[in-house]
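This is what each chain is made of:
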Amino acid sequence: MTFIFKPAAREGVGLFIGVAGPSGSGKTFSALRLAKGIAGATGRIAAIDTEARRMSHYDKQFKFDVADMAPPFRPERFADAAKDAEKAGYSVLVIDSFSLEWAGEGGVLDWHDEIKGNDEKKNMSAWIKPKMAHKAMIASFMQRRIPIVFCMRAEDKVGVGAGGKPVSLGWTPIGDPRFMYELTAFLTLSNETPGLVSYKLPHKVQEQHRHLFPEMQQITETAGEQLRAWAAGADLLDGSRGGGASGGWPSFANLREFATWSAETFLPTATPDTARAWEAQFRSYLGKLINGAPQAQKTGADLMATYAQIIAPPEIDDGFGGAPADQPPAQAAA
């Protein structure tokens with residue numbers, strides 16, 4: 001067999017995001033916000049609920065289709081769910097809680113104990129089937145092109161300190177500790193302030209994605225929008241550092257410079273995906289330059305109208321009459 005090499009191009013890459021946190025940290029709500037951004041205005045969200053329909057508590061805030069999963073939480077069932085969601089044409093899948101695949105009833109740990117029984121001599125051999133199934137599930141995920149958001153529980157692990165006293169080892173996601181390294185990004189929400197990303201807790205975030213998840217801020221739809229565009233080949237607009245397509249996104253001294261560049265250089269040749277990357281950054285960073293000035297509002301509205309023509313036919317809220325699209329809600333959800 002002859003291998004043929006060609007220039008690398010990032011397009012249609014897998015997008016797998018992990019969101020972990022203790023009970024009440026807002027992980028389900030944050031995962032749905034992320035999924036909403038990934039799905040976009042016309043996409044559809046699928047969800048697997050392993051927790052007795054708890055995801056449906058958010059049916060008023062988000063539009064999604066849900067399937068319940070009851071025990072046993074065997075690895076192959078999660079792989080099959082991802083296959084089915086992709087086959088059905090959904091834009092993104094949320095699995096909540098993915099931790100049960102590892103530590104739930106019929107999950108990897110439970111399966112091992114079932115095989116081992118009371119025979120300690122079987123302890124090692126009892127891992128063979130569960131771990132093979134777990135690895136096969138991960139391999140199946142890696143073949144999927146549907147983005148997947150994995151919600152995982154986290155617990156405060158306790159060890160033994162000086163004098164035999166219990167000591168906290170820190171919040172740790174419940175699941176295969178190696179799984180996070182298979183993901184595009186993995187975040188753990190603060191146990192102290194619900195809904196906020198903490199880089200003091202376990203995480204995996206590439207430098208190019210870090211500005212999408214500012215520390216001690218909520219995960220937003222904007223992050224999902226930009227990740228979707230990035231996975232499709234667009235370069236991210238990072239307002240803090242610049243950088244991006246065609247030798248780098250320009251930096252702008254004021255709104256006029258940005259508006260001129262957008263209207264005359266960027267938007268006329270933008271694809272829907274690169275336009276979405278522009279729109280997400282416009283709302284979250286460049287839009288702050290507007291500061292309520294009437295002329296600036298008109299300029300911003302004109303730019304959004306051009307943007308709407310590129311990605312038509314979604315309904316666009318230009319964000320100038322009220323709160324920005326990425327503004328977090330008044331309360332963080334459990």
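Cut-offs and rules
Residues numbered from 1 in each chain as written. Predicted model: local features only at pLDDT ≥ 70, side-chain atom pairs only at ≥ 80, totals over all residues. Heavy atoms only, no water. Core = buried A, V, L, I, M, F, W, Y, C linked by side-chain atoms within 4.5 Å. Buried < 20%, exposed > 50% of the residue type's maximum accessible area, 1.4 Å probe, protein only. Helix = DSSP H or I, 4+ residues; strand = E, 2+ residues; numbered from the N terminus. Salt bridge = Lys/Arg side-chain N within 4 Å of Asp/Glu carboxyl O. pLDDT = per-residue confidence, 0-100. Contact = heavy atoms within 4.5 Å. Phe/Tyr/Trp six-rings, centres within 6.5 Å; stacked < 30°, edge-to-face > 60°. Lys NZ or Arg CZ within 6 Å of the ring centre and 35° of its normal. Expected span 1.5 Å × (residues − 1). Arc of directions from axis to C-beta. Pairing = 2+ DSSP bridges.

### Thoughts on the nonpolar core
At step 1: Grouped together as the largest cluster of nonpolar side chains are 33 residues, with contacts concentrated most on Leu34, Val94, Val149, Phe213 and Ile219.
At step 2: Counting residues per element, the ones that place at least two in this core are β1 (16–21), α1 (27–39), β2 (45–49), β4 (92–96), β5 (148–160), β7 (185–188) and α7 (221–231).
At step 3: Per-element tally for this core: the top contributor is α1, with 7 residues.
At step 4: Among the nonpolar cores identified, the runner-up in size contains 27 residues, and Tyr90, Phe98, Ile138 and Ile148 belong to it.

### Remarks on the pattern of salt bridges
At step 1: Taken as a whole and assessed by the stated rule, the structure comprises 7 salt bridges.
At step 2: Put simply, Arg153 and Glu51 hold a salt bridge, and the shortest N to O gap is 2.6 Å. Linking Arg153 in strand β5 with Glu51 in the loop between β2 and β3 (65–68), this pair joins segments that are 102 residues apart in sequence.
At step 3: On the basis of relative accessibility, which here comes to 13%, the residue Glu51 falls in the buried class.
At step 4: Across the pair Arg144 and Glu86 runs a salt bridge whose closest N-O atoms are separated by 3.0 Å.

### Let's talk about the confidence of the model for the chain
Detailed reading of the predicted coordinates is not advisable wherever pLDDT falls low.
At step 1: Averaged over all residues, the pLDDT of the chain equals 81, while 78% of them reach at least 70.
At step 2: In the predicted structure, residues 239–248 sits below a pLDDT of 50 and forms 15 contacts with residues beyond four places in sequence or in another chain.
At step 3: This stretch, residues 313–334, has a pLDDT under 50; its non-local contacts, to residues over four places away or in other chains, come to 43 contacts.

### Focus: the packing of aromatic side chains
At step 1: One pass over the structure, following the stated rule, counts 8 aromatic pairs.
At step 2: Between Phe98 and Phe179 the ring centres are 5.0 Å apart and the planes differ by 40°, which places this aromatic pair in the tilted class. You can see Phe98 sitting in the loop between β4 and α3 (100–103) and its partner Phe179 sitting in the loop between β6 (166–173) and β7, a full 81 residues away along the chain. Of the two residues, Phe98 and Phe179, both sit in the buried class.
At step 3: Aromatic ring contacts, followed pair by pair, group Phe78, Phe98, Phe141, Phe150 and Phe179 into a single cluster.
At step 4: Across the ring face of Tyr90, the terminal group of Arg44 is positioned such that the distance to the ring centre comes to 4.2 Å.

### Quick notes on helix α5 (residues 128–142)
At step 1: Between the first and last C-alpha of α5 there are 21 Å, a value that for 15 residues agrees with the 21 Å anticipated at 1.5 Å per step.
At step 2: When α5 is considered as a whole, its buried residues turn out to be Pro130, Ala133, His134, Met137, Ile138, Ser140 and Phe141. Buried residues of α5 fall within an arc of 160° about the axis and therefore sit on the same side. Of the residues in α5, the exposed ones pointing more than 90 degrees away from the buried face are Lys129, Met132 and Lys135.

### Some points on the pairing of β4
At step 1: Across the 5 residues of β4, 5 count as buried, placing the element largely inside the fold.
At step 2: Bridge analysis of β2 against β4 gives 5 bridges, and the strand direction is parallel. Bridging from a neighbouring strand, Ala47 pairs with Val94 of β4.
At step 3: Judged from the 3 bridges that link them, β4 and β5 form a sheet pairing that is parallel. Within β5, the position partnered with Val94 by the bridge is Val149.

### Notes on α1
At step 1: With 13 residues, α1 should cover 18 Å at 1.5 Å per step; its first-to-last C-alpha distance of 18 Å lies within 8% of that length.
At step 2: Among the residues of α1, Lys27, Thr28, Phe29, Ser30, Ala31, Leu32, Arg33, Leu34, Ala35, Gly37, Ile38 and Ala39 are the ones counted as buried.
At step 3: The inward-facing, buried residues of α1 contact β1, β2, β4, β5 and α7.
At step 4: Looking one or two residues beyond α1, the residue adopting positive phi is Gly40, at roughly 75°.

### Notes on unusual backbone geometry
At step 1: The omega angle of the peptide bond from Pro71 to Pro72 is 5°, so this bond is cis rather than trans.
At step 2: Secondary-structure assignment places Pro72 in the loop between β3 and α2 (75–87).
At step 3: The omega torsion across Asp96 and Ser97 is 10°, close enough to zero to call that bond cis.
At step 4: With respect to the helices, strands and loops of the structure, Ser97 is situated in the loop between β4 and α3.

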